[in-house]
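Residue strings, one per chain:
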Amino acid sequence: MTDYTDWKALADKEVRGKSLDWQTPEGITVKPLYTAEDVTTDPGLPGFAPFTRGVRASMYAGRPWTIRQYAGFSTAEESNAFYRRNLAAGQKGLSVAFDLATHRGYDSDHPRVVGDVGKAGVAIDTVEDMKILFDGIPLDQMSVSMTMNGAVIPILAFFIVAGEEQGVERKLLDGTIQNDILKEFMVRNTYIYPPEPSMRIISDIFGYTSREMPKFNSISISGYHMQEAGATQVQELAFTIADGMEYVKYGVASGLDIDKFAGRLSFFFAIGMNFFMEVAKLRAARVLWHRVMTKLGAQDERSKMLRTHCQTSGVSLQEQDPYNNVIRTTIEAMAAMLGGTQSLHTNALDEAIALPTDFSARIARNTQIVIQEETGMCNVVDPLGGSYYVENLTQDLVDKAWEIIERVEAEGGMAKAVAAGWPKAMIETAAAARQARVDRAEDVIVGVNKYRLGTEDQLETLEVDNAKVREGQIARINAVKAARDEAACQAALSALTEGARGDGNLLALAVDAARARATLGEISAAMEQVFGRHATVPTPVTGVYAAPYQGDARWRQVLDGVQAVEHRLGRKPRMLVAKMGQDGHDRGANVIASAFSDMGFDVVSGPLFQTPEETRDLALDKSVDIVGASSLAAGHKTLIPQLISLLKEAGRADIKVVAGGVIPPQDYDFLRDAGVQGIYGPGTNVVECAADVLRLLGHNMPPLEDAA
């Protein structure tokens, strides 16, 4: 009988001794062949502890996962119409995306959110908006997921009151609120309050929902945004489970019985393009959660089941050759279902540059329907169970993630780790390393750094009229305020402030304020009086992007160019990397800051959430030569032109402004006409971007390919 030694000798002969092993970014060595000897643990059976093979015995053979598309844009009316069309076409659950003003606890009339209202999500300022959002959608029959963390108290209060006024008792409301603030401090940054009061808010929500809303999931512990920010799958897995541990500890410390609320916790993972790694990650997550909850004292097996929603990767979507995104999303969707997700969102092909159109959203939704209805994949429970590779990879992920979890626990838990900053630094290091691999074409992205089209056809994309939406929202805010009992509203807000100062349940008090028609901004501000508003300044990693470029001729040419500009100026060229508006996604900004620092630029990383006026002031104070405005959430057409005008008014039109991030190509001419001198969309090679910036600074930089 042929054994592994015989196979190895034959394989080595075929590839002339070249190693076929693959080293993953997670530090896992993947062999080209696995046998029974590589499987060291018994995965058990679906529905039985530790739930490696699924939390239900029948899994999809009994019922497929829930198709839950994440959507929201513009106004409550527009979003409601979109939801109803999708539900009629086969979607089974709702997942609400809120605009950034809402996430950050600001009403639409606040001066800090001029460019954010209705962009990248739906604007919700009052109970009336929430009622319109779910008009004609029975909340006693529909499961609703809401991605909300910072302004979680007013949003959940509005949902409860909207249900009441639809005639639905709280105990019948079904769905999930994300409510995962530790992840916000690490990667997504849509926080409002400092960590300690933010954790209290989570405990208050646990307490209220466990008493009043037994069908409602009180938290969705999210690794998704970690992977989107650059985390490896091991980091995403470890930090997500560690976050869950911390939340359970806080719930128990607030007096809750672990088995009374733990069964209503859920998780949310990203699914990227490393197919088998993602399958194994979901299996490993269930093993780890069972282990963690057993250690924390849970007795009910339902408390130890990890139930998860998944979403295909946003960062894997590409602006170039965008129909490839349909293929990417299909592969990722298959990984999610083969890993055993309970619900799934599939991204649309145009989401690398804009909100999805009805056309692209239909393809994304139908991807799941086709898998469920046409492939036969749902007929077998855990079809990859027993695969030598998958079982080995699952155990590798369990072991590597557990090492990180043990470090977190040794240092006092995830809240302390987040405050120390090392999880964020670890993720940013992985993001910078990944960008370098992509720019060097070591990680292939089809249509971007290999097999690129000669010319790109523009997609028709959805555009939101930000000014019109904001005008409409302000009118509705004014109407609500004019119609309410002002004395009752102010009394409810004062009670909320006192509850924040004392030990009142913040969600219960916010429900009273919502009934009295307090706005989202007013409810947030009532707590802010006591808690304050959190703020941080990014500190990007250094040395990571540069490491693989040693000896690279193109890299050397850019370094020489930077030195030439430094010689001419008498100092290093100085760049401000600016994040304006309320978008907290800072992966792109941090990668640019890291890479440009490694290339010799003097980089100033601006604080998050700046206004154009604050960015101008910082640019003037630091005497920068160029401002790089990072945009992700569609505020670029409002905020960047404002910044250019403000610099001109200050007599500093010489400070050049460039823009990078998620910017549709059809907006490029608008930005150029406004004075933007360089635009770098998704897929731009960072070294080439730096060379172009040097040209803008007056250096005679030849094309980089000439240096090869």
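Residues numbered from 1 in each chain as written. Predicted model: local features only at pLDDT ≥ 70, side-chain atom pairs only at ≥ 80, totals over all residues. Heavy atoms only, no water.

Taking an unreviewed UniProt entry as the reference, the protein is identified by name as Methylmalonyl-CoA mutase belonging to Sphingobium fluviale. As its UniProt record puts it under Pathway (unreviewed entry), the protein is described as follows: "Metabolic intermediate metabolism; propanoyl-CoA degradation; succinyl-CoA from propanoyl-CoA: step 3/3." Word for word, the UniProt comment on the protein under Cofactor (unreviewed entry) is "adenosylcob(III)alamin". (UniProt positions renumbered as here; feature names shortened; annotations may be inferred.)

A separate point is the packing of helix α8 (residues 195–212) against helix α10 (residues 233–253). Look at α8 against α10: their axes get within 9 Å of each other, and the N-to-C directions meet at 65°. Of the possible angle classes, the one that applies to α8 and α10 is roughly perpendicular. Taken as a pair, α8 and α10 cross one another with a handedness that is right-handed. Where α8 abuts α10, its residues M199, I202, S203 and F206 lie against E246, Y247, Y250 and G251. Residue composition of the contact of α8 with α10, by class: 5 nonpolar, 2 polar and 1 charged. (Axes fitted to C-alpha atoms, helices over the stretch in contact; angles between N-to-C directions. Helix = DSSP H or I, 4+ residues; strand = E, 2+ residues; numbered from the N terminus. Parallel < 35°, antiparallel > 145°, perpendicular 65-115°, else oblique. Left-handed = near helix turned anticlockwise from the far one by under 90°. Contact = heavy atoms within 4.5 Å. Nonpolar A, V, L, I, M, F, W, Y, C, P; charged D, E, K, R; others polar.)

What follows concerns the packing of aromatic side chains. Within the structure shown, the criterion is met by 19 aromatic pairs. Between the aromatic rings of Y224 and F268, the centroid separation amounts to 4.9 Å while the plane-to-plane angle is 5°, which identifies the pairing as stacked. Of this pair, Y224 sits in helix α9 (residues 224–228) while F268 sits in strand β9 (residues 265–271), and the two are 44 residues apart along the sequence. Each member of the aromatic cluster is reached from another via a ring pair, and the members are Y34, F275, F276 and Y389. The ring of F609 has R104 sitting right over it, with the charged end atom 3.5 Å from the ring centre. Here the basic side chain of R407 rests over the ring of W422, its NZ or CZ set 3.5 Å away from the ring centre. (Phe/Tyr/Trp six-rings, centres within 6.5 Å; stacked < 30°, edge-to-face > 60°. Lys NZ or Arg CZ within 6 Å of the ring centre and 35° of its normal.)

Let us look at the sheet that holds strand β7 (residues 216–217). Here 9 strands make up an open sheet; going across it, the order is β7-β6-β5-β4-β3-β11-β10-β9-β8 and the pairing parallel. The open sheet has two edge strands with one neighbour each: β7 and β8 (219–222). Looking at chain direction, β8 and β9 are connected through 4 bridges and run parallel. If you follow I221 over to β9, its bridge partner there is F267. Sheet strands in contact with α10 are β8 and β9, and its direction is about 165° off that of β9. Running over the sheet, helix α12 (residues 275–295) touches β9 and β10 (308–312) and is turned about 155° from β9. (Pairing = 2+ DSSP bridges.)

This next bit is on helix α27 (residues 686–696). Most of α27 sits out of view: 8 of its 11 residues are buried. Buried within α27 we find V686, V687, C689, A690, A691, V693, L694 and L696. The inward-facing, buried residues of α27 abut α17 (422–439), α22 (553–569), α23 (587–598), β14 (626–631), β15 (656–661) and β16 (678–680). The opening residue of α27 is N685, an N-cap whose side-chain oxygen sits 2.9 Å from the backbone nitrogen of V687. Immediately downstream of α27, the backbone of G698 shows phi near 95°, a positive value. (Buried < 20%, exposed > 50% of the residue type's maximum accessible area, 1.4 Å probe, protein only. Polar contact = N/O pair within 3.5 Å; in protein donor to acceptor, adjacent residues only side chain to side chain.)

For G297, the location among the structural elements is in the loop between α12 and β10. The sequence separation of G297 and D259 amounts to 38 residues, and the corresponding C-alpha distance is 8.9 Å.

So, on to a nonpolar patch on the surface. Residues V444, V446 and Y451 make up a contiguous nonpolar surface patch of about 300 Å² in total accessible area. Relative to the helices and strands, V446 resides in the loop between α17 and α18 (466–483). Under the relative-accessibility criterion, V446 is labelled partly exposed at 37%. (Patch = residues over 30% accessible without salt bridge, like charges linked within 9 Å, V, L, I, M, F, W, Y side chains within 5 Å. Areas by Shrake-Rupley, 256 points an atom, 1.4 Å probe, with all protein chains shown as cover. Salt bridge = Lys/Arg side-chain N within 4 Å of Asp/Glu carboxyl O.)

Another point: the pattern of salt bridges. Any two side chains of opposite charge can pair, on the condition that their charged atoms come close. Taken as a whole and judged by the stated rule, the model has 49 salt bridges. In this structure, R517 engages E128 in a salt bridge whose closest nitrogen and oxygen atoms are separated by 2.7 Å. With R517 in the loop between α20 (506–515) and α21 (520–531) and E128 in helix α5 (residues 127–133), this residue pair connects regions lying 389 residues apart in the sequence. Taken together, the salt bridges that share partners define one network made up of E164, R170, E212, D512 and R515.

Further remarks concern the sheet that holds β16. Read from one edge to the other, the open sheet built from 5 strands follows the order β13-β12-β14-β15-β16, with strand pairing classed as parallel. The open sheet terminates on both sides in strands that have one partner only, identified here as β13 (602–605) and β16. Along the sheet, successive strands turn relative to each other by an average axial angle of 20°, direction set aside. Two strands pair when backbone bridges link them, and strand β12 (residues 574–578) and β14 are joined in this way by 4 bridges, in the parallel orientation.

So, about unusual backbone geometry. Across the junction of A49 and P50, the peptide omega takes the value 0°, indicating a cis bond. At F51, a position not held by glycine, the phi torsion is positive, near 65°. In this structure, F51 sits in the loop between β2 (29–30) and α2 (59–62). The class of F51 is buried, set by a relative accessible area of 1%. Its identity as a non-glycine residue notwithstanding, A441 has a phi of 60°, on the positive side. Position of A441 relative to the elements: it lies in the loop between α17 and α18.

Taken domain by domain, the protein comprises domain 1 (28–411) and domain 2 (553–697). Placing a centre on the C-alpha atoms of domain 1 and another on those of domain 2 gives a separation of 34 Å. The partner domain 2 presents 26 residues to the 26 residues of domain 1 that form the contact. Summed over both sides, the interface between domain 1 and domain 2 buries roughly 1,900 Å², with carbon and sulfur atoms accounting for 52% of that surface. Considering only the surface of domain 1 that becomes buried against domain 2, R112, E319 and I353 emerge as the three largest contributors, covering 28% of it. At the surface where domain 1 touches domain 2, the tally comes to 1 salt bridge. Here R112 and E614 are joined by a salt bridge, their closest N and O atoms 2.9 Å apart. Counting every contact that joins domain 1 to domain 2 gives 8 residue pairs in polar contact (both at pLDDT 80 or more). At the level of elements, α7 (181–188) and α9 are the ones that each hand at least two residues to the side of domain 1 that touches domain 2. (Domains from an automatic or database assignment. Buried area = accessible area lost by both parts, 1.4 Å probe.)

If you look at the biggest cluster of nonpolar residues, it comprises 80 residues, and the most contacted ones within it are L237, F239, I241, Y247, W289 and M414. With 12 residues, the single largest contributor to this core is α12. By size, the runner-up hydrophobic cluster in this structure holds 61 residues, among which are A76, Y83, V152 and A514. (Core = buried A, V, L, I, M, F, W, Y, C linked by side-chain atoms within 4.5 Å.)

What follows deals with the packing of α7 against α8. Contact geometry for α7 and α8: axes closest at 9 Å, N-to-C directions at 140°. By the criterion of interaxial angle, the relationship of α7 to α8 is oblique. Side by side, α7 and α8 meet where I181, L182 and F185 of the first sit next to P195, S198, M199 and I202 of the second. Of the residues contributing to the contact of α7 with α8, the split by class is 6 nonpolar, 1 polar and no charged.

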